[in-house]
Amino acid sequence: MGTRKQDAFCVRRINPYTFCAVVSDGAGSASYGGEGASILCRSLMTNFRTWFEGHDYLPDGEAIMCWIDQVRDRLSEAASQRGVTRRQFAATLVVLVVFKDRVLALQIGDSALVARKEGVWDAVCWPENGEFASTTYFVTDDPEVRLHTFHLNLDYDAFALFSDGLESVALEQATKQPFARFFDPMIRPIDQVEGEGRLVELSGALARYLDSPALCERTDDDKTLVLVSCR
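All values derive from a computational prediction rather than experimental measurement.

J.: Run through the sheet that holds strand S8 (residues 158–162), naming residues and quoting values.
T.: To summarise the sheet geometry, strands pair through backbone hydrogen bonds and adopt either a parallel or an antiparallel arrangement. Within the open sheet, the four strands sit side by side as S6-S5-S8-S11. Their pairing is antiparallel. Only two strands of the sheet have a single partner each, and these edge strands are strand S6 (120–125) and strand S11 (225–229). Within this sheet the neighbouring strands show an average axis-to-axis angle of 20 degrees, counted without direction. Two elements, strand S5 (residues 112–117) and S6, share five bridges in a ladder whose sense is antiparallel. Paired with Arg 116 across the bridge in S6 is Trp 121. Docked against the sheet, helix H4 (residues 180–192) engages S5, S6, S8 and S11, running at close to 60 degrees with respect to S11.

J.: Account for the nonpolar core, naming residues and giving values.
T.: Among the nonpolar cores identified, the biggest contains 34 residues, and Phe 48 and Val 95 are the most heavily contacted of them. Residue assignment for this core shows that the elements contributing at least two residues are strand S1 (7–15), strand S2 (18–25), helix H1 (33–54), helix H2 (61–82), strand S3 (93–99) and strand S4 (102–108). Apart from the residues within four sequence positions on either side, Phe 48 is in contact with Ile 14, Cys 20, Pro 59, Trp 67, Val 95, Val 97, Leu 104 and Leu 106. Core analysis: the next-biggest nonpolar cluster, separate from the first, contains 22 residues, Ala 158, Phe 162, Leu 206 and Leu 227 among them.

J.: Tell me about the pattern of salt bridges, residues and numbers included.
T.: When the charged atoms of two side chains lie near each other, side chains of opposite charge can form a pair. Within this structure, the stated rule accounts for 10 salt bridges. Residue Asp 191 is joined to Arg 116 by a salt bridge in which the shortest nitrogen-to-oxygen separation is 2.8 Å. With Asp 191 in helix H4 and Arg 116 in strand S5, this pair connects stretches of sequence that are 75 residues apart. Asp 191 sits in the buried class, given a relative accessible area of 16%.

J.: Residues and numbers for the side chain of Ser 111, please.
T.: In this fold, Ser 111 is placed in the loop between S4 and S5. Residue class for Ser 111 comes out buried when judged on its relative accessible area of 0%. Looking at Ser 111, its side chain comes within polar contact range of the side chain of Thr 92, at 3.1 Å. Beyond its immediate stretch of four places on either side in the chain, Ser 111 contacts Asp 25, Thr 92, Val 94, Cys 125, Pro 127, Phe 162, Ser 163 and Asp 164.

J.: Go over the sheet that holds S1 with me, naming the residues and quoting the values.
T.: In space, the five strands of this open sheet follow the order S1-S2-S3-S4-S7, with antiparallel pairing throughout. Edge strands, defined here as strands with exactly one partner in the open sheet, are S1 and strand S7 (148–153). Each strand of the sheet is rotated relative to its neighbour by a mean of 10 degrees, with strand direction disregarded. Relative to S4, S3 runs antiparallel, the two sharing seven bridges. For Val 94, the partnering residue across the bridge sits in S4 and is Gln 107. Helix-sheet contacts for H1 involve S1, S2, S3 and S4, and the interaxial angle to S1 is about 10 degrees.

J.: An account of H2 is requested, with residue identities and associated values reported.
T.: In this model, H2 (22 residues) spans 32 Å end to end at C-alpha, consistent with the 32 Å of a helix rising 1.5 Å per residue. Here H2 has its buried residues at Ala 63, Ile 64, Trp 67, Ile 68, Val 71, Arg 72, Leu 75, Ala 78 and Ala 79. Elements that come into contact with the buried residues of H2 comprise H1, S3 and S4. Of the residues one or two after H2, Gly 83 is the one with positive phi, at around 70 degrees.

Procedures and definitions
- Residues numbered from 1 in each chain as written.
- Predicted model: local features only at pLDDT ≥ 70, side-chain atom pairs only at ≥ 80, totals over all residues.
- Heavy atoms only, no water.
- Pairing = 2+ DSSP bridges.
- Helix = DSSP H or I, 4+ residues; strand = E, 2+ residues; numbered from the N terminus.
- Axes fitted to C-alpha atoms, helices over the stretch in contact; angles between N-to-C directions.
- Contact = heavy atoms within 4.5 Å.
- Core = buried A, V, L, I, M, F, W, Y, C linked by side-chain atoms within 4.5 Å.
- Buried < 20%, exposed > 50% of the residue type's maximum accessible area, 1.4 Å probe, protein only.
- Salt bridge = Lys/Arg side-chain N within 4 Å of Asp/Glu carboxyl O.
- Polar contact = N/O pair within 3.5 Å; in protein donor to acceptor, adjacent residues only side chain to side chain.
- Expected span 1.5 Å × (residues − 1).

Structure follows, in structure tokens:
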């Protein structure tokens, strides 16, 4: 359509035992949804990095809500500068934090997080749709944000975070389960590779797949997918 992409993401290994990934999808109905998603990802990643520089435990709900409020204030400032309402920066959110033997997941809206345990994929954060068809929840919602927080043991050896552009090919609505036939071949080369950190060659191959005509014929939305193997 000749417009900027509305998805954004940040991935960072904060220290040897802390990993954080953030995915956000700007609302298609919002004039600055893509910018809202970018601000959201950068702000939360900065918050998590700063937190773990001074703490040896996961942030509690009060700290997280404080960060969400700070992001909402930043979006309000950006909206004021452009003479629009904060709603024009609407964006969803899904966050994965792996800290030692614990997992923290956050979700606002219809992005998702799935995880593999003993070879089986489960949904940690299932996409949450709004009250009406083709609607969802955003970090800009008033009077308060609809944030879901999950604290889990690290019983999983792989994760996938993705925006709703992949929902139709990655999730089975009838059973509310991830499609193993989608995630198994996607995670296999990451399981098998040696080394750590961002895998540049595999990331390039993933980008080409996400932009392939075969996949784009099945979804006309932006597509973001972050694959993590703990093996």
